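Topology and contacts: notes
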Amino acid sequence: MQASDGGTHVAGGMAGAVLVLGGARSGKSAFAEGVVTRWPPPWTYVATSRVYDAEMRERVAVHRARRAQGWDTVEEARDIAPVLDAAGGRPVLVDCLTLWLTNLLLDGCDIAAARDGLLSALRRRGGPTVLVGNEVGLGIVPENALARRFRDEAGLLHQAIAREAGRVVFVAAGLPMEMK
Ligand SMILES: Nc1nc2c(ncn2[C@@H]2O[C@H](COP(=O)(O)OP(=O)(O)OP(=O)(O)O)[C@@H](O)[C@H]2O)c(=O)[nH]1
């Protein structure tokens, strides 16, 4: 299945996958939303964040207010492959891979299996998929082992997706840099 992109056509599968990386408050989510909304609605927003305090509730409220009509939100902290399958040919935004990975690590899940499951789901997607991730590997080596594991797993996940994705963008200070 194909989705229209302002006159051109964008395939599903990995060719239709767009990986959007950036730091905290880099503007990566807004950029990713802009990529998705160039295709006709409806769009599916896959929110991976768990809301456990007032600050996060506030952030989510800001995101929800920003999402115009045409968005369906699915809140799924771990099992996102079935959500991608269920979206059929619709454009999907996964926001974000970093919290998804955090949830998997904190819950003691098999990260390699989850990564493979996600890649398989992306390969069989019927429409385009935009995935947001935090670039967390640029700072000093974290002192605790879980943080080091997290940083390494995030790097591996981003590489695995970037290898096959049709487009990869790095956002800094609100500005997109096309990497692929
Ligand atoms: N549970 C839930 N989470 C949401 C919803 N909408 C957005 N989010 C989450 O909000 C998170 C992004 O929050 P921000 O703190 O604004 O993002 P940021 O990465 O710091 O900033 P940017 O780089 O500017 O995007 C994403 O990881 C989403 O999962 C929602 O409707 N429900």
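Conventions used here
Residue positions within a chain follow its written sequence, with the count starting from 1. pLDDT decides what is reported in this predicted model: residues at 70 or higher carry local features, side-chain atom pairs at 80 or more are listed and counted, and totals for whole chains, interfaces and linings draw on all residues regardless. Where side-chain values are given, they derive from all heavy atoms of the structure, hydrogens and water being excluded. Working definition: helices are DSSP H or I runs of at least four residues, strands are E runs of at least two. Numbering for both runs from the N terminus. UniProt positions are given in the numbering used here, feature names are shortened, and annotations may be inferred rather than shown by experiment. Throughout, a residue-residue contact means that at least one pair of heavy atoms, one from each residue, lies within 4.5 Å. The salt bridge criterion pairs a side-chain nitrogen of Lys or Arg with a carboxyl oxygen of Asp or Glu, the two atoms within 4 Å. A molecule or strand has a residue near it when one of that residue's heavy atoms lies within 4 Å. Any pair of N or O atoms that falls within 3.5 Å is considered a polar contact. Within protein, one atom must be able to donate a hydrogen and the other to accept it, and sequence-neighbouring residues count only if both atoms are side-chain atoms. Per-residue accessibility takes into account occlusion by the displayed protein chains alone, with areas from the Shrake-Rupley method and a 1.4 Å probe. Each residue is assigned to one of three groups, with Ala, Val, Leu, Ile, Met, Phe, Trp, Tyr, Cys and Pro labelled nonpolar, Asp, Glu, Lys and Arg labelled charged, and all others, Gly among them, labelled polar. Aromatic pairs are defined between Phe, Tyr and Trp rings, using the six-membered ring for Trp, whenever the two ring centres lie within 6.5 Å; interplanar angles under 30 degrees are classed as stacked, those over 60 as edge-to-face, and all others as tilted. Each residue gets one of three labels from its accessible area relative to the maximum for its type: buried under 20%, exposed over 50%, partly exposed in between, using a 1.4 Å probe on protein chains only.

**Comments concerning unusual backbone geometry**
Between P41 and P42 the backbone carries a cis peptide bond, its omega angle lying at 5 degrees. Assignment of secondary structure puts P42 in the loop between α1 (28-36) and β4 (43-47). Between D95 and the following residue, C96, the backbone shows a cis peptide bond with an omega angle of 5 degrees. Looking at the element boundaries, C96 is found in the loop between β6 (92-95) and α4 (97-106). A positive phi is found at R25, a non-glycine position, where the angle reads about 55 degrees. Residue position: R25 is located in the loop between β3 (17-22) and α1. You will see that A173, though not glycine, has its phi angle at about 50 degrees, which is positive. Along the chain, the position of A173 falls in the loop between β8 (167-172) and β9 (175-178).

**Considerations on the UniProt feature "active site" (unreviewed entry) in the chain**
The UniProt record marks H63 with the feature "active site" (unreviewed entry), using the residue numbering of this structure. Position of H63 relative to the elements: it lies in helix α2 (residues 54-66). Discounting chain neighbours no more than four positions away, the residues touching H63 are S29, E33, Y45 and D95.

**A look at the pattern of salt bridges**
The full count for this structure, using the stated rule, is 12 salt bridges. When the shortest N-O distance is used, the salt bridge between E75 and R64 registers 3.4 Å. Placement of the pair is E75 in strand β5 (residues 71-75) and R64 in helix α2, with a sequence separation of 11 residues. Within the structure, one salt-bridge network assembled from shared partners comprises R50, R78 and D107.

**Describing the site of the ligand**
Taken together, 22 residues sit near the ligand, with K28, S29, R59, E75 and D95 positioned nearest. Within the side chain of S49, a nitrogen or oxygen atom sits 2.7 Å from a nitrogen atom of the ligand. In the environment of the ligand, an oxygen atom lies 2.7 Å from a nitrogen or oxygen atom belonging to the side chain of R64. For the ligand, the protein covers 92% of the area, taking 680 Å² as the surface of the free molecule. For the shell around the ligand, the secondary structure elements donating two or more residues are α1, β4, α2 and β5. Ranked by residue count, the leading element in the shell around the ligand is α2, at 5 residues. When grouped by side-chain class, the residues that make up the shell around the ligand number 7 nonpolar, 8 polar and 7 charged.

**Focus on the packing of aromatic side chains**
For any two aromatic rings, the description comes down to two numbers: the centre-to-centre distance and the angle of the planes. Throughout the structure, instances matching the rule amount to 2 aromatic pairs. Aromatic pair W43 and W71: ring centres 5.2 Å apart, planes at 50 degrees, arrangement tilted. Here W71 lies in strand β5 and W43 lies in strand β4, a separation of 28 residues in the sequence. By relative accessible area, W43 is classed as buried at 7%. Under the relative-accessibility criterion, W71 is labelled buried at 12%. Both rings, one in Y45 and one in W71, keep their centres 5.9 Å apart while their planes meet at 80 degrees; by these two values the pair is edge-to-face. Taken together, the residues span a long stretch of sequence, with Y45 in strand β4 and W71 in strand β5 at a distance of 26 residues. One exposure class covers both Y45 and W71, and it is buried.

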